[in-house]
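Given next are the chains, with one letter for each unit.
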Amino acid sequence: MSPIGSKARRERILHVATTTGLTSVEELSQRFGVTASTIRRDLARLTADGRLARTYGGAMALTAHPEASLRQRTGEAFEAKRAIARRAAAEVRAGETVLLDAGSTVGALAHELRSAMELTVATTGLTALQELSDVETVHVECLGGTLRPLSQGFVGPLTEAALERMTFDRVFLGTDGISPEHGICEADLRQTRLKELMARRADHVYVLAHAAKLGRRPFHAWAKLPADWTLVTDDGAEPSIVDELRGRGVEVVLTEVAQSTEPEHTPSS
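On a predicted model such as this, the values are computed, not experimentally measured, just so you know.

### Quick look at the overall build of the protein
- For the protein, the count of helices and strands is ten helices and 15 strands.
- Residues counted as buried form 51% of the 269 residues belonging to the protein.
- For the protein, the proportion of contacts with a sequence separation of at least 24, taken over those separated by at least 6, is 62%.
- As presented, the protein carries roughly 13,200 Å² of accessible surface, and 49% of it is formed by carbon and sulfur atoms.

### Considerations on the nonpolar core
- The biggest cluster of nonpolar side chains holds 31 residues, and the ones touching the most others in it are Leu 99, Leu 163, Leu 225, Trp 229, Leu 231 and Leu 245.
- Elements with a contribution of two residues or more to this core: strand E9 (168-173), helix H9 (189-200), strand E12 (202-208) and helix H10 (239-247).
- Per element, the largest residue contribution to this core is four residues, and it comes from H9.
- Setting aside chain neighbours within four positions, we find Leu 225 in contact with Ile 178, Gly 183, Ile 184, Val 207, Leu 245 and Val 250.
- Counting 24 residues, the second-largest nonpolar core is a separate cluster that includes Val 92, Val 98, Val 138 and Val 232.

### A closer look at empty space enclosed by the protein
- Going through the model one piece at a time under the given rule, you end up with one cavity of 30 Å³ or more.
- The computed volume of the largest cavity comes to approximately 190 Å³.
- Of all elements in the fold, only helix H6 (104-112), strand E8 (153-155) and H9 reach the threshold of two or more residues within the lining of the largest cavity.
- Per-element accounting of the lining of the largest cavity gives the leading share, four residues, to H9.
- Split into classes, the residues belonging to the lining of the largest cavity amount to six nonpolar, ten polar and six charged.

### Here we look at the sheet that holds strand E10 (residues 177-179)
- Strand order across the open sheet formed by three strands is E10-E11-E13, with antiparallel pairing between neighbours. With one partner strand each, in any of the chains shown, E10 and strand E13 (221-223) form the two edges of the open sheet. The sheet shows a mean angle of 35° between the axes of neighbouring strands, direction not considered.
- Inspection of the sheet shows strand E11 (residues 183-186) paired to E13 by three bridges, in the antiparallel sense. Each residue of the ladder has a partner; that of Ile 184, found in E13, is Ala 223.

### Some details on H6
- With seven of nine residues buried, H6 is to be regarded as a mostly interior element.
- Here H6 has its buried residues at Ser 104, Thr 105, Val 106, Gly 107, Ala 108, Leu 109 and Ala 110.

### Digging into the side chain of Thr 175
- On the secondary structure map, Thr 175 appears in the loop between E9 and E10.
- Among the residues examined, Thr 175 registers a relative accessible area of 1% and is labelled buried.
- A polar contact of 2.7 Å, which involves the side chain of Thr 175, links it to the backbone oxygen of Gly 177.

### With respect to the pairing of E9
- Where burial is concerned, most of E9 is hidden: five out of the six residues are buried.
- With three bridges joining them, strand E4 (residues 97-100) and E9 adopt parallel strand pairing. Each residue of the ladder has a partner; that of Leu 100, found in E9, is Phe 172.

### Brief notes about the confidence of the model for the protein
- The predicted model of the protein has a mean per-residue pLDDT of 86, with 83% of residues at 70 or higher.
- When the criterion is pLDDT under 50, residues 260-269 qualifies, and its contacts beyond four places in sequence or with other chains add up to 27 contacts.

### Some remarks on the pairing of strand E5 (residues 119-123)
- Within E5, four of the five residues are buried, which leaves it mostly tucked inside the rest of the structure.
- With four bridges connecting them, E4 and E5 associate as parallel partners. The residue bridging Leu 99 from the neighbouring strand is Ala 122, located in E5.
- Chirality of the crossover, the property in question, places the unit of E4, H6 and E5 among those that are right-handed.
- The pairing of E5 with strand E6 (residues 138-142) spans five bridges and is parallel. Counterpart to Val 121 in the pairing with E6 is Val 140.
- Of the crossover connections in this fold, the one passing from E5 over helix H7 (residues 126-132) to the parallel E6 is right-handed.

Conventions and cut-offs
- Residues numbered from 1 in each chain as written.
- Predicted model: local features only at pLDDT ≥ 70, side-chain atom pairs only at ≥ 80, totals over all residues.
- Heavy atoms only, no water.
- Helix = DSSP H or I, 4+ residues; strand = E, 2+ residues; numbered from the N terminus.
- Buried < 20%, exposed > 50% of the residue type's maximum accessible area, 1.4 Å probe, protein only.
- Contact = heavy atoms within 4.5 Å.
- Areas by Shrake-Rupley, 256 points an atom, 1.4 Å probe, with all protein chains shown as cover.
- Core = buried A, V, L, I, M, F, W, Y, C linked by side-chain atoms within 4.5 Å.
- 1 Å grid on protein atoms, 1.4 Å probe; cavity = no way out; pocket = protein on both sides within 12 Å on 5 of 7 lines; lining within 4 Å.
- Points joined across faces, edges and corners; volume = space filled by probe spheres on them.
- Nonpolar A, V, L, I, M, F, W, Y, C, P; charged D, E, K, R; others polar.
- Pairing = 2+ DSSP bridges.
- Axes fitted to C-alpha atoms, helices over the stretch in contact; angles between N-to-C directions.
- Polar contact = N/O pair within 3.5 Å; in protein donor to acceptor, adjacent residues only side chain to side chain.
- pLDDT = per-residue confidence, 0-100.
- Right-handed = clockwise from strand over helix to strand, strands pointing away.

So this is what it looks like as structure tokens:
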């Protein structure tokens, strides 16, 4: 890792603490390639500024993990999401019926499907509806329900009831984080339940997540990640996490991300 300034390093430390919870001096020292003394000074500064709380041997965020809105997430990891969407779109065959989750990466997939021929798309997300609403060769079904403003997706009993009326060749799911041990992480239990129900109605299940989400545990609502599912991510994924997922039987597809000159964004869903 190339050296970064102290201010930028402190911002990254704050991000690590906010997205993963407790973090240690040793972990941060290895991550940023600086001495433990430097990290302790960074933590002291962040604590004095009221941005972190010190713990024995490390630090933790002062507040619970905030859920970013879909608008905030759309521009984050843009090139990675676009590469993942292109790779996922290559799995779809003409004449199929597919199910799209809410979320920015799945929304990018909907954009890629605008050129599809003779396709039926059902979705729980407003982004996919907006992307495909004017495409004559794609038949669109909206699985309505209760709208979550932050995710711009439908959840709840009406959505679940609509699912029972259809089956799908493929389903593409988004996520806020992925843990080899725990599975798919979301901010809301209704979302994790819905993902499990969506997966049961499809022959093939894909999870779309850019590399920064692997290993993240920002919330406490989980859905399992079974061995017969496929994770489509980018080539920036941590190799050890990829290996652990593959060791658990999950197929992991790595996509190459084109270099971008855009400013770095904080990872999110």
